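Residue strings, one per chain:
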Amino acid sequence: PERSASHRGPDSIGLSFIESINDITLSRINFITMKKIAALIILLLAVVTISAQDIVGTWSGALETPQGQVRIIFNITKTDAGYTCTMDSPDQGHNGLATDETTFKESELSIKASAYNIEYVGKLVDKTSINGTLNQHGQSVELNLKLKEE
């Protein structure tokens, strides 16, 4: 004889309960997976945002020397080929000094001025700060830069 849905045997009840548990477990797994995917997307966006930071502008900092502070200013512009830069040292009366190479990759700024035996390497900390080192004639000096607000 056929049984109605309300008169299922004990095995049917157990099976329904197990199916319900499986559905709940799959829902939790899907939720956890979605949370992981969302976190990964946020992380990737943060990396892309930092990598895509625009360094164009006037960046200034001061070198500490035995004679006192010497201000250094890098004027960075973007070109089709990448970046170019001129350097100013107003305390020494120098403006518009040419540089050979300006690169910005993976949040690292590198500026070379071979005529003056200068190389600056810094890491973008946030959109207005770069922490780095200026190397000249074999000597390294900390030079942290701030973006000039225009």
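Residues numbered from 1 in each chain as written. Predicted model: local features only at pLDDT ≥ 70, side-chain atom pairs only at ≥ 80, totals over all residues. Heavy atoms only, no water.

With respect to the layout of surface pockets
Reported here for the largest pocket is a volume of approximately 420 Å³. For the largest pocket, the lining is made up of 17 residues, of which L63, Q92, I118, L134 and Q136 are closest to its centre. When contributions to the lining of the largest pocket are tallied by element, the ones reaching two or more residues are β1 (57–65), β2 (68–79), β3 (82–89), β4 (94–98), β8 (129–136) and β9 (139–142). Per element, the largest residue contribution to the lining of the largest pocket is three residues, and it comes from β1. Of the residues assigned to the lining of the largest pocket, the class counts are nine nonpolar, seven polar and one charged. (1 Å grid on protein atoms, 1.4 Å probe; cavity = no way out; pocket = protein on both sides within 12 Å on 5 of 7 lines; lining within 4 Å. Points joined across faces, edges and corners; volume = space filled by probe spheres on them. Helix = DSSP H or I, 4+ residues; strand = E, 2+ residues; numbered from the N terminus. Nonpolar A, V, L, I, M, F, W, Y, C, P; charged D, E, K, R; others polar.)

What about unusual backbone geometry?
Note on backbone geometry: most residues besides glycine have negative phi, and most peptide bonds are trans. Of note in this structure, E106 is not a glycine but carries a positive phi near 50°. By the element assignment, E106 lies in the loop between β5 (101–105) and β6 (108–113). Taking relative accessible area as the criterion, E106 reaches 59% and is therefore assigned exposed. At H137, a residue that is not glycine, the phi angle is positive and equals roughly 50°. Relative to the helices and strands, H137 is located in the loop between β8 and β9. Take H137: its relative accessible area is 59%, and that puts it in the exposed class. (Buried < 20%, exposed > 50% of the residue type's maximum accessible area, 1.4 Å probe, protein only.)

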